[in-house]
Amino acid sequence: MRKYKQLILIGCFFFLCSCSQSKDLEISGSTSVAPLMNKLVEQYQKDTNQKININADGSSAGIKAASENLANIGMVSREVEKDELALGLKSEVIAIDAMAVIVNKDNQVTNLSQQELCDIYSGKIKNWSEVGGKNLGIVIVSREYGSGTRNAFEEITGLLNEDKSSNTNAKAIIVNSTGAVIENVQQKEGAIGYLSLGSITENTKTISINNIEPTKRNVLRNKYLLTRNFNIVTKNADDKTKAFIEFIHSEKGHEIIAEEGFINVSQD
């Protein structure tokens, strides 16, 4: 019986070791960071055969997953709060992103001031004619609560109160992905939305903010208003996690970041 128990223990030991050696890396968080992360992961898996799973479920969810050791890396497209870091998390910037404001291709407006943008999203300005456009009601498209893109947009534009509550109009169309923002703006002539600069395509019409266009050059020159960091958070990162993060900061990782329309941290 004793020998039998020893064999069971030895078997369990080798089983656990095998699981540890083959364990996938789990990445969770921001839907804005996810497309870039997918490109980085795709190349890294080709180079190393390390299996990596990505779950794009929002910045707050990514922080929660990393803090509870449910994910090796959390993706965050907003600043990480002090109380979140207090959970034992380490935060670092992997890329710089800018948010662009988009309107329907038939909209005549090409520029908004920060105040006008804030007033549109709070509901004070309701018609495009109030900002130089035609007589057309404004349809506000916003990301969901917990979205890093929404949090950054509201904080920068002045839509957040001191208690972090939102002043975005309650009548806004709330969507939970970048694709849904684009779709709504393309289908509704009076619509306005916001999304990551890296997600802009030739079919989306961007507008200037404070007469500054949303371009990489203007972001690097610190002229464009709607700029944010793409962060990752980890907790007691193991060797496999550290190796992947080193790849992100490598020359090859920086090339991928640049190709995807973002700004790597060495360019900051």
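For the structure itself, consult the block above.
Residues numbered from 1 in each chain as written. Predicted model: local features only at pLDDT ≥ 70, side-chain atom pairs only at ≥ 80, totals over all residues. Heavy atoms only, no water.

Draft legend 1. Broad picture of the pattern of salt bridges. In the structure shown here, the tally under the stated rule is nine salt bridges. With a closest N to O distance of 3.1 Å, Lys-64 and Glu-68 form a salt bridge. Accessibility expressed as a relative area gives 39% for Glu-68, which makes it partly exposed. For the salt bridge of Lys-105 with Asp-106, the shortest nitrogen-to-oxygen distance reads 3.5 Å. (Salt bridge = Lys/Arg side-chain N within 4 Å of Asp/Glu carboxyl O. Buried < 20%, exposed > 50% of the residue type's maximum accessible area, 1.4 Å probe, protein only.)

Draft legend 2. Expanded view of the pairing of strand S4 (residues 90-103). In terms of burial, S4 is largely enclosed, as eleven of its 14 residues are buried. Relative to strand S10 (residues 227-234), S4 is paired through eight bridges, and the arrangement is antiparallel. Within the sheet, the bridge partner assigned to Ser-91 lies in S10 and is Val-233. Where S4 and strand S8 (residues 191-196) come together, five bridges link them in antiparallel fashion. Pairing of Ala-100 across the sheet is with Leu-195, part of S8. Sheet topology places S4 next to strand S9 (residues 205-209); three bridges connect them, and they run antiparallel. In the strand pairing of S9, Val-101 is matched with Ile-207. (Helix = DSSP H or I, 4+ residues; strand = E, 2+ residues; numbered from the N terminus. Pairing = 2+ DSSP bridges.)

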